[in-house]
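Commentary on secondary and tertiary structure
Here is what each chain is made of, one letter per residue.
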Amino acid sequence: MSAAGGRLICMVETSARLLRLLSLLQSPREWSGAELAERLGVTPRTVRRDVDRLRGLGYPVHSSRGTAGGYQLGAGAQLPPLLLDDEEAVAVAVGLRGAAAGGVQGIEESSGRALAKLEQVLPHRLRRRVNALSAYTVPMTRAHQGSAAEASVITELAHACRDHQQLRFSYETHDGTVGRRVVEPHRMVSSYRRWYLVGWDTEREDWRTFRVDRITLTPPHGPRFVPRTPPAEDLAAWVSEGVAVRAYAEQVTVLLRVPVERAAGAVTVSTGTLEAVDEHSCLLHTGGPSLEVILPHILMLGFDFEVRAPERLFSQVRALRDRLDGALGGS
C-alpha cells in the first residue's frame, strides 16, 4: 500500500472516531477519559487529541480535572452540527412538521426551513417513515383557526414566570369583552394548538387561567413578586377542569359505562375531565352554557351513561326521552 493510501485510511478512521466521540459527548452526562477510551478502543492520550480536534472544529467540549473530572459538551456561541440516531431524527422531523402546521404563530416558516434541512440529509429509510406518517395523518387545523399564540408573547410570558415579574395586559374573554389585568404569572400550560397562562389576578385576588392567544401585552410590566403556592400540584389537570367545567354557568357530572381509557379517546381536555371509577366505568365532569347544550354533547359521545348531577339534568333527560318517543309515532 502506498503512503498516500495509508494516510487516507488513517484520516477516514480518525473522522469516524471523531463522529463516535461527538455522539457520546452529546448525551447529557459527563464522561471520564478512561470511559471514552474504552468505548472508542483507543488510549486516553488519543481521546485528548480527538477532544482538541473537536474544539478546533468549534465544538465547546468542557473538561474538569480530578478523580471525578471528565468531558462534557457544552453550549457555545454558535450551534454546532448535531448527531442524531434514527429514532431521534424521526422524532425531530415529526415535531417540526407539527410546528410548521401551526400552534405557535410566527415559527411556522422557521420550522419549515429546519425541516427542509433535516429531510435533505435524512437517509432514505428514515425519510420514508416520516413521509408515511405525514401522508396518513390528517391534521385537524381548520377547526382551530385563529387560536395560535404568537411566539414572542409565549417567550415574554415564560420569562415573566421565570423572573417572578408582574404582568400587565389586556384580555379578551370568550364573550368578546376586553379588560385590563394585572397578574402574577406562575406557569404556562399547553395543549393542541392552545396555550394557557396560570397566574394570580391581583384585582380579583384569585388564581385565573388565561388563553394566551387572547392576551395583548401592555408593557412596562410591574415589579417582581414573591411566588405564591400554586392552586394545584397538577396544573395541567387544573387548567383542563377550568376550561372544560368551571368556566361555564352549568356544570354536569355523569357516569360513563366504559373504561376511562376508552372514554379518553372521545373526551378532549377542552370538553371535559375524566375520573376512573373502576375498570368498567368512569365519571365525566363537563360544562356548558345550558343543560340543553350539554345533553346532546354527552349523547354524541356514544357511550351508555347515568346522570349524577345536577338534579335538573334528570328533567332534561326525561323531556328528551318523551320527545323521542313522540317522534316514533305509532311504530
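Before going further, it helps to spend a moment on the nonpolar core. Judged by nonpolar contacts, the single largest core of 16 residues is most densely connected at Val 252, Val 254, Leu 256, Ala 263, Leu 284, Phe 303 and Leu 313. Elements supplying a minimum of two residues to this core: β10 (250–256), β12 (281–288) and α10 (291–300). Counting residues per element, this core draws most heavily on α10, which supplies four residues. The residues contacting Leu 284, other than those within four sequence positions of it, are Val 252, Thr 253, Val 254, Leu 256, Val 267, Gly 272, Thr 273, Leu 274 and Leu 301.

We now examine the pairing of β10. Along β10, six of the seven residues are buried, which leaves the element largely enclosed by surrounding structure. One ladder, built from seven bridges, connects β10 with β12; its direction is antiparallel. Residue Leu 256 lies in a different strand from β12, and its bridge partner there is Cys 282. Here four bridges tie β10 to strand β13 (residues 305–309), and the two strands are oriented antiparallel to one another. If you follow Leu 256 over to β13, its bridge partner there is Phe 305.

Glancing now at the packing of aromatic side chains. Inspection of every chain in the model, using the stated rule, returns four aromatic pairs. Measuring from ring centre to ring centre gives 6.5 Å for Phe 169 and Tyr 171, while their planes differ by 70°; the resulting arrangement is edge-to-face. The residues Phe 169 and Tyr 171 share a single accessibility class, namely buried. On the numbers, 5.3 Å between centres and 85° between planes, the contact of Phe 169 with Phe 210 is edge-to-face. In this pair, Phe 169 is assigned in strand β5 (residues 167–172) and Phe 210 in strand β8 (residues 206–211), connecting sequence segments 41 residues apart. Classification of Phe 169 by relative accessible area gives buried; the value is 0%.

The next thing to look at is the pattern of salt bridges. Applying the stated rule across the entire model yields 17 salt bridges. Note that Asp 213 is salt-bridged to Arg 211, the shortest N-O span being 2.7 Å. Notably, a salt bridge pairs Arg 246 with Glu 241, separated by 3.6 Å at the nearest N-O pair. Arg 246 sits in the partly exposed class, given a relative accessible area of 35%. Via salt bridges that share partners, Arg 17, Asp 50 and Arg 53 belong to a single interconnected network.

What follows is about the pairing of β5. Pairing of β5 with strand β6 (residues 178–191) involves six bridges; the strand directions are antiparallel. By the bridge assignment, Ser 170 is partnered in β6 with Arg 180. Hairpin connection, β5 to β6: the antiparallel pair is bridged by five residues, and Gly 176 has positive phi, about 90°. Inspection of the sheet shows β5 paired to strand β9 (residues 215–217) by three bridges, in the antiparallel sense. Bridge assignment links Phe 169 to a residue of β9, and that residue is Leu 217.

Within the secondary structure layout, Ile 298 lies in helix α10. Look at Ile 298 and you get buried, because its relative accessible area is 1%. For the pair formed by Ile 298 and Leu 256, sequence separation is 42 residues and the distance between their alpha carbons is 9.4 Å. Beyond its immediate chain neighbours, meaning those up to four positions away, Ile 298 contacts Val 252, Val 254 and Phe 305.

Definitions and limits used
Residues numbered from 1 in each chain as written. Predicted model: local features only at pLDDT ≥ 70, side-chain atom pairs only at ≥ 80, totals over all residues. Heavy atoms only, no water. Core = buried A, V, L, I, M, F, W, Y, C linked by side-chain atoms within 4.5 Å. Buried < 20%, exposed > 50% of the residue type's maximum accessible area, 1.4 Å probe, protein only. Helix = DSSP H or I, 4+ residues; strand = E, 2+ residues; numbered from the N terminus. Contact = heavy atoms within 4.5 Å. Pairing = 2+ DSSP bridges. Phe/Tyr/Trp six-rings, centres within 6.5 Å; stacked < 30°, edge-to-face > 60°. Salt bridge = Lys/Arg side-chain N within 4 Å of Asp/Glu carboxyl O.

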